[in-house]
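# Residue-level structural notes
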Amino acid sequence: MTSLSDPTGLSRTGAPAPVIRMFGWGMLGALLAFMINNVLVVAFGFPGTHALLTGEGGSLGWVHALIYAAAIGIAAAFVVVTPDRALRWDADRVHRFNCYLIRSIFWAVLLVGVVDAVIAFMRTESLFSYFMDDSTARFFGRARDVGPYIHTPLVVLGFVIGLFTRTLGFHWLALLIVLAELLIVISRFVFSYEQALMGDLVRYWYAALFLFASAYTLFDEGHVRVDVLYAGFGRTTKGFVNAIGSILLGMTTAWVILGVGFNGRQSIINSPVANFEVTQTGGVGMFVKYQMAAFLGIFAITMLIQFVSYLFEAVADYRDEPGHRDHDAVTQ
């Protein structure tokens, strides 16, 4: 599986498409502003954009509005200064960034999964007491310590590795899930040994595989289409349908997930992440539940980015521009 489209056959310039490019890049600018504002709300106690409507928060509410205006303004300025940029070129650039984001997160969940599983095993079997004093050993038993001081550096390392690799790693992640399941079977039925951390590791990697692979699956037309009409459409008609679907179905769904998941400090994503939430078996399991909550947000972010790329490609197909990618779509 290749992680990047081949840009050698793409032309950097093409027929102007200011409206659709303004919409697509503006969508990405709004996404960036949304995530920056979310960090300000959760980490620094800013009131959020709703403060502009309720009058709460004073001048801090305007900070959020200015961030949106700046991000969308920069996106609009980019479109204005590149009026002849080809849609397929833009689509490829957006897709390439998404590939970097996805493969970096793959490395992050790989590193965190392995390291946290080892820590959980040593904590469960009380092995830390053989190597360190009690106060240091208790450090590895607190999610609020393990999360920021062990998980976070590993996530950063994953993004650094993502700069130097080109594989998305889905097939390797699938193999690791199989090996983790095999370890559970062997340890349970051969050695009569099982710990909660073993199931946690499988669920952690399994969630990452399905949620993070969805964006690339969209790029490769791997999602199932339950549509008896679509298969018979021509290229331009398919482009029109894909463009409308990207906006009305894909992007709106992604924004609903983002809006609900990041709606304030006590939302279903922000709260677990901010508190480094663990499962009820956290004492003998892995400290990754808070990251699995974040997976939902990452899924929506990567899908929204990919839908922008998909929109550019669809409009280029509708306009019958050169550079169309042939692929075998999965249909039903």
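Residues numbered from 1 in each chain as written. Predicted model: local features only at pLDDT ≥ 70, side-chain atom pairs only at ≥ 80, totals over all residues. Heavy atoms only, no water.

Naming follows an unreviewed UniProt entry, where the protein chain appears as TRAP transporter small permease protein of Lutimaribacter pacificus. What the UniProt record of the protein chain gives under Sequence similarities (unreviewed entry) is the line "Belongs to the TRAP transporter small permease family." (UniProt positions renumbered as here; feature names shortened; annotations may be inferred.)

### Here we look at the domain arrangement of the protein chain
Looking at the protein chain, the domain boundaries give domain 1 (15–85) and domain 2 (97–222 + 231–319). Summarising the inter-unit geometry, the C-alpha centres of domain 1 and domain 2 are found 26 Å apart. Counting residues at the interface gives 17 residues for domain 1 and 17 residues for domain 2. Here domain 1 packs against domain 2, burying approximately 1,500 Å² in sum over the two surfaces, 81% of which is carbon and sulfur. Summed over the shared surface of domain 1 and domain 2, the number is 4 residue pairs in polar contact (both at pLDDT 80 or more). For the side of domain 1 that touches domain 2, the class distribution of residues is 14 nonpolar, 2 polar and 1 charged. (Domains from an automatic or database assignment. Contact = heavy atoms within 4.5 Å. Buried area = accessible area lost by both parts, 1.4 Å probe. Polar contact = N/O pair within 3.5 Å; in protein donor to acceptor, adjacent residues only side chain to side chain. Nonpolar A, V, L, I, M, F, W, Y, C, P; charged D, E, K, R; others polar.)

### Considerations on the environment of E221
Along the chain, E221 turns up in the loop between α8 (196–219) and α9 (235–261). Judged by its relative accessible area of 7%, E221 is buried. Spatially, the C-alpha atoms of E221 and Y310 are 10.0 Å apart, while their sequence positions differ by 89 residues. Side chain to side chain, E221 and Y310 meet in a polar contact 2.5 Å long. (Helix = DSSP H or I, 4+ residues; strand = E, 2+ residues; numbered from the N terminus. Buried < 20%, exposed > 50% of the residue type's maximum accessible area, 1.4 Å probe, protein only.)

### Describing the side chain of T124
Among the structural elements, T124 can be located in helix α4 (residues 87–124). One polar contact links the side chain of T124 to the main-chain carbonyl oxygen of A120, over a distance of 2.7 Å. Excluding its chain neighbours within four sequence positions, the residues that come into contact with T124 are Q195, L197 and V284.

### Observations regarding α8
Helix length check: α8, at 24 residues, gives a terminal C-alpha distance of 36 Å against a target of 34 Å (1.5 Å per residue), a fit within 8%. Its axis deflected by about 35° at A213, α8 carries its strongest bend there. Burial analysis of α8 places 18 of its 24 residues in the buried class, the great majority of the element. Immediately downstream of α8, the backbone of E221 shows phi near 55°, a positive value. (Expected span 1.5 Å × (residues − 1). Bend = angle between axes of the 7 residues up to and from the residue.)

### So, the packing of aromatic side chains
All told, the structure shown has 16 aromatic pairs when counted by the stated rule. Note on Y230 and F233: the rings are 6.3 Å apart at their centroids and 70° apart in plane angle, and the pair reads as edge-to-face. A residue is classified by how much of its surface remains accessible, and Y230, at 6% relative accessible area, is buried. Among the residues examined, F233 registers a relative accessible area of 29% and is labelled partly exposed. Note on F276 and Y290: the rings are 5.1 Å apart at their centroids and 70° apart in plane angle, and the pair reads as edge-to-face. Taken together, the residues F276 in the loop between α10 (270–274) and α11 (289–318) and Y290 in helix α11 connect sequence positions 14 residues apart. Connected via pairs of aromatic rings, a cluster forms that spans F128, F139, F140 and Y149. Between R123 and the ring centre of F287, over which it is positioned, the NZ or CZ distance is 4.1 Å. (Phe/Tyr/Trp six-rings, centres within 6.5 Å; stacked < 30°, edge-to-face > 60°. Lys NZ or Arg CZ within 6 Å of the ring centre and 35° of its normal.)

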